[in-house]
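A look at the structure
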Amino acid sequence: MPMKRILVTGGAGFLGSHLCERLIAQGHDVICLDNFFTSQKSNVLHLLDNKNFELIRHDITHPVWLEVDEIYNLACPAAPGHYQYNPIKTMKTSVMGAINTCGMAKRCNAKILQASTSEIYGDPTVHPQPESYRGNVNTLGPRACYDEGKRAAETLFMDYHRRHGIDIRIARIFNTYGPRMHPFDGRVISNFILQALMNQDITLFGDGLQTRSFCYRDDLVEGLMLLMNCDADDKHLPVNLGNEGEFTIKQLAEMTIEMTGSKSAIVYHDLPEDDPMQRKPDLTRAKKLLDWTPAIQFEEGLSKTIEYFRTVDLDEYREPTPNHIMA
Ligand code: NAD
Ligand code: UDP
């Protein structure tokens, strides 16, 4: 494979840092751009000495001028606690980030992939969710800054494609987990594992019967790279990436307690507003287009993630940087 210059926005994050590693391993020249809002330099510290890696501290809501062949646009806080922290900034990141990266793709004639999300389906009334489903999003709720920002980004990508002929990919990513998740991101897997390891109460929201389908990060990153390199006629249309295994959140709590040997008790809390009741990807299109299917079963991935969190020094992490003035 010829060496390419590849930009990964949000490249210091949970998924972005693994993507950078994989692309470097393939011999590409990787530029990681990040403002470290929900990540820290330690995620990419091991790459800093690599001659094929460059780190740029930059906020993607501002224009940036780089010469690249491919762009993976991952910059955006992803966990509900993180994206609701400064909702206006979250939407700006999706919208301005899409405009700035698509503009770069147009100028450089680069291929560009958008990290979209299952959240664009909102609280789905169709199950499992195929790409043709148009979603059920509350435009006014606390999740809208993320959901609507990502929907607007998809629109911008498609309009840049139609109007300027840029070569786009749209990956609709379902819940993904694994080592290097931020321990304070408030996502269910990191929360439950840390609570279980510390024998603290497991905070179960609602009755715990809401479902999610969890994909291990290696499978997901593999799917992103396959999509970027796909050459099919309809490669510009959205593709679901995730895992079809569906679990209730209560099942997840019980599995985590059992697998950690924890003494934690499950304690029920109110369900957050607009929390989707069910989520599972229809992967028919991904399997056909990419010949891809997730390889890591949930028990195996959860076990690897538990082992990772056993080693994490929590003093090295902090909550997202307050940045209200920047909105
Ligand atoms: P993450 O929070 O670990 O990574 C996002 C990265 O973007 C962080 O490093 C953060 O500092 C950076 N960032 C945020 N705002 C920025 C800005 N304005 N300018 C520059 N950098 C900025 O989250 P992740 O789980 O790695 O998610 C990566 C992408 O995948 C996101 O776009 C997210 O919406 C999408 N996604 C993730 C999941 C998941 O379950 N992990 C699911 C669906 C979609
Ligand atoms: N959840 C929970 N306890 C927690 C954190 C989350 O019960 O401590 C629930 C949450 O209400 C949701 C599910 O777990 O139903 C997944 O939440 P997460 O924030 O990980 O992702 P998302 O809602 O974006 O899928």
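Our subject in this report is the structure included herewith. Computed from a predicted structure; not experimentally measured.

1. Structural notes on the nonpolar core
The biggest cluster of nonpolar side chains holds 61 residues, and the ones touching the most others in it are Tyr72, Ile189, Leu241 and Phe298. The contact partners of Tyr72, leaving out residues within four places of it in the chain, are Ile6, Leu7, Val8, Thr9, Leu19, Leu23, Leu113, Leu224, Met225 and Met228. Among the nonpolar cores identified, the runner-up in size contains 24 residues, and Leu33, Ile71, Ala153 and Tyr160 belong to it.

2. Considering empty space enclosed by the protein
Counted by the stated rule, this structure contains 1 cavity of 30 Å³ or more. Roughly 30 Å³ of volume is contained in the largest cavity. Around the largest cavity, the lining residues are Asn73, Ala75, Cys76, Thr93, Ser94, Gln114, Ala115 and Lys150. Of all elements in the fold, only helix H3 (87-108) and strand E5 (111-117) reach the threshold of two or more residues within the lining of the largest cavity.

3. Notes on the site of ligand 2
Around ligand 2, a shell composed of 18 residues is seen, among which Val188, Thr203, Arg212, Asp275 and Arg279 lie nearest. Contacts to ligand 2 include Arg143, whose side-chain N or O atom sits 2.9 Å from an oxygen atom. Thr203 places a polar main-chain atom, nitrogen or oxygen, 2.5 Å from a nitrogen atom of ligand 2. Calculation on ligand 2 without its partners gives an accessible area of 520 Å², and the protein chains cover 95% of this total. Broken down by secondary-structure element, the contributors of at least two residues to the shell around ligand 2 are helix H5 (188-197) and strand E8 (202-205).

4. Quick notes on the packing of H5 against helix H7 (residues 249-260)
Put simply, H5 and H7 touch, their axes get as near as 9 Å, and they point 35° apart. For the element pair H5 and H7, the recorded crossing hand is right-handed. Contact with H5, carried on its side by Val188, Ile189, Phe192, Ile193, Ala196 and Leu197, involves Ile249, Leu252, Ala253, Thr256 and Thr260 of H7 and no other residues of that element. Classifying every residue of the contact of H5 with H7 by side-chain character gives 9 nonpolar, 2 polar and no charged.

5. Regarding the state of the cysteines
With the rule as written, the count across this model stands at 0 disulfides. For Cys145, which is in no disulfide, the shortest distance to another cysteine sulfur is to Cys76 and amounts to 8.3 Å. On the basis of relative accessibility, which here comes to 8%, the residue Cys145 falls in the buried class.

6. Considerations on the environment of Leu23
As for its position among the elements, Leu23 is in helix H1 (residues 14-25). C-alpha separation for the pair Leu23 and Asn52, spaced 29 residues apart in sequence, amounts to 9.5 Å. In this view, Leu23 contacts Ile6, Val8, His28, Val30, Tyr72 and Met225; residues no more than four positions away in its chain are not counted.

Rules used throughout
Residues numbered from 1 in each chain as written. Chains lettered and ligands numbered in written order. Predicted model: local features only at pLDDT ≥ 70, side-chain atom pairs only at ≥ 80, totals over all residues. Heavy atoms only, no water. Core = buried A, V, L, I, M, F, W, Y, C linked by side-chain atoms within 4.5 Å. Buried < 20%, exposed > 50% of the residue type's maximum accessible area, 1.4 Å probe, protein only. Contact = heavy atoms within 4.5 Å. 1 Å grid on protein atoms, 1.4 Å probe; cavity = no way out; pocket = protein on both sides within 12 Å on 5 of 7 lines; lining within 4 Å. Points joined across faces, edges and corners; volume = space filled by probe spheres on them. Helix = DSSP H or I, 4+ residues; strand = E, 2+ residues; numbered from the N terminus. Near = heavy atom within 4 Å. Polar contact = N/O pair within 3.5 Å; in protein donor to acceptor, adjacent residues only side chain to side chain. Areas by Shrake-Rupley, 256 points an atom, 1.4 Å probe, with all protein chains shown as cover. Axes fitted to C-alpha atoms, helices over the stretch in contact; angles between N-to-C directions. Left-handed = near helix turned anticlockwise from the far one by under 90°. Nonpolar A, V, L, I, M, F, W, Y, C, P; charged D, E, K, R; others polar. Disulfide = S-S within 2.5 Å.

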